[in-house]
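Commentary on secondary and tertiary structure
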Amino acid sequence: MCKDIDFNKIKEKVHKQGCLYQYRPCSISEKTIYDLDNIRNEVLYARSPIHMNDPFDSTIAFDEKDVVNEIIDAYLEKEIMPPHIKMLIGLILKSRFLKTFPILIENLKLIKKKINVLIISRKWDKNQSFSNLYKTYTKIVDDYLTKELNGKFNKLEIVGMISLLDVLGNNEISEESILQIQGFNALIEDAEEKLKLFRETEFKEAIAKFQNQLTVTCLSASGWNNHLMWSHYTNSYKGICIEYDFSKMEECLGIIDKVSYKKERPKIKFRDLISGDINFVKDESGKTICVFDKNAEADINKLLPHIFTKQDIWKYEEEWRIVNAEKTLDTHRFISVPFIKSVTYGYNITPICKYMLVNVCKEKNIDLYEIVPSTVDYSLDRKLVDKDECVWSLDDQVNYIVFLIESFNHQIPKFNTKLNDLTEKMKNEQFNAIKTIEMYESYLKLLSEIYFYKVTLNNILSINSNVDGDDETINNIVEMNKVIDLFISETYKSTNDFMKSVETFYKFGLATINEYYKLKNQGKDVLNLIDKINLITWLI
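Here, residues in each chain are numbered from 1, in the same order as that chain's written sequence. Since the coordinates come from a predicted model, pLDDT governs what is reported: local features require at least 70, and pairs of side-chain atoms require 80 or more to be given and counted, while whole-chain, interface and lining totals use all residues. Values shown for side chains rest on all heavy atoms present in the structure; no hydrogens or waters enter the calculation.

What about the packing of aromatic side chains?
Formally: When two rings of Phe, Tyr or Trp (its six-membered ring) have centres within 6.5 Å they constitute a pair, described as stacked for plane angles under 30 degrees, edge-to-face for angles over 60, and tilted for the intermediate range. A run of H or I in DSSP becomes a helix once it reaches four residues, and a run of E becomes a strand once it reaches two; helices and strands are each numbered from the N terminus. Between buried and exposed lies partly exposed: a residue is buried under 20% and exposed over 50% of the maximum accessible area for its type, with that area taken using a 1.4 Å probe on protein chains only. Throughout this description, the term charge over a ring refers to an Arg CZ or Lys NZ atom that lies within 6 Å of the ring centre and within 35 degrees of the ring normal.
Under the definition given, this model contains 20 aromatic pairs. Residues tyrosine 440 and phenylalanine 498 carry aromatic rings whose centres are separated by 6.3 Å and whose planes lie at 80° to one another, so their mutual orientation is edge-to-face. Linking tyrosine 440 in helix H16 (residues 433-463) with phenylalanine 498 in helix H17 (residues 471-507), this pair joins segments that are 58 residues apart in sequence. Judged on exposure class, the residue tyrosine 440 and its partner phenylalanine 498 are both buried. The structure contains a cluster of three or more aromatic residues connected by ring pairs, namely Phe415, Tyr440, Tyr443, Phe487 and Phe498. In this arrangement the basic side chain of lysine 310 is found over the ring face of tryptophan 314, its NZ or CZ atom lying 4.8 Å from the centre. Positioned over the ring face of tyrosine 369 is arginine 382, at 3.9 Å from the centre of the ring.

So this is what it looks like as structure tokens:
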């Protein structure tokens, strides 16, 4: 993607901005584990915008009327018929798709009434068809109808509607009578089948593809002391704010720009997403299918406003974004950023998260700060932390280990029961996406606790080789560790099995595209977290 953008222009803008910040929550979860690893590895995590917390963020806005009009026009462009008939069919299709057929009927009645007024007032031959009268008195009819219809229809549309009135003759002007015209109903039904297929599948899939083929990293220019950012994004001051010095950026990281905040959403046209010819054909079974070049490149310049625009209620974030186009859908990437200037943690951070953060900042020689609320006004200050003096007491670590062991003894049997039940249902092809998603979330929660347990236990043993404790306590820990190892091994196997099953269920239409990507990514997260846990060797 970098080869297609003006890196020097981006570099100049980013260097001028200087530092950008990322606020992250800290809890006993896989997110914190990844955040700490990202600081250690000097990377920023980028993911698909479909996972944003704002339902409007990076989503595609479009006007249903405009999209319907564009799709129908694209369909009719390939049809061979007189222009005014083509226009008439377009009007009818648009009216049916947009549920505005009653309005079309009223305008047809109005046109008929007004032409009859002209026939009487101008003493025209009432035995002539409306179409012939229109050809003879085009300017008079146009001027009269234009005034009455207030420019609702163009000239070609009016010609089509006059032709339709001739075909209807003395029959009632209604949706039923129009569709009863010989051959007309079949034509409209065929067109509707094709257009519904396109609108409900191809167009929406093109939108999903656009959203899924991007990765986005969100940062803020608001500094480390933004009250709202601490409240909204750090689990109420339990988290951290990482400061990146972008004035040191020398390599292309993607498209980097600040977000615009507006009241109105930018709207897309379907041609922005789908380029090239669109054809509707019958397959071997007689089913209508849409054929177009799905690999044709969309105009990225028309699509980017959807990624770099948010509702104005979010302007307090002062957001900047790094955007990249990916080769695979709903993926992620790690962006190398070897210019972490500082990390600031909130005053409510948990001891285990604080301890692990201190270790990472020590290792990487990163300045570490603690948020300090003012005692006299509403301002926030921060103080530099002496990492050598920042320790987690042995008693607190032991109490934490005891708490987790009790939690594991309570959770693991229940978890295995649910796992066995879900596995049996999958074997019987009783796929339940919601239950599977819940199972993955349970996996991640429990595995996160195991990771923190393992780190804490090893820390206790590494700095206190002669930990006080009777043989029974030691034996209990050893047995717990065996239970955990067995759980991890079974979890690894069942997750791989689940991922294969989900792939099969998706192919057979038993899982939606969103469920498929959600489960696919959750499965990857589980396996990645297991890998991180297995890198830590038990010291007991």
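Moving on from the model shown.
Regarding the pattern of salt bridges
A side chain of one charge can pair with a side chain of the opposite charge if their charged atoms are brought near each other. As a reminder, the rule being used: When a carboxyl oxygen of Asp or Glu is within 4 Å of a side-chain nitrogen of Lys or Arg, the pair counts as a salt bridge.
Taken as a whole and assessed by the stated rule, the structure comprises 19 salt bridges. Among the salt bridges present, the one from glutamate 363 reaches arginine 40, with a minimum N-O distance of 3.0 Å. Taken together, the positions of glutamate 363 in helix H14 (residues 351-364) and arginine 40 in helix H2 (residues 30-41) put the pair 323 residues apart, joining distant regions of the chain. What makes arginine 40 partly exposed here is its relative accessible area of 26%. Linking aspartate 388 and lysine 362 is a salt bridge whose minimum nitrogen-to-oxygen distance equals 3.5 Å. Taken as a pair, aspartate 388 in the loop between strand E14 (380-384) and helix H15 (394-427) and lysine 362 in helix H14 lie far apart in primary sequence, 26 residues in all. Given the relative accessible area of 60%, aspartate 388 is considered exposed. Judged by relative accessible area, lysine 362 falls into the partly exposed class, the value being 38%. Three or more residues joined by partner-sharing salt bridges are found here, namely Asp37, Arg40, Glu363 and Lys532.

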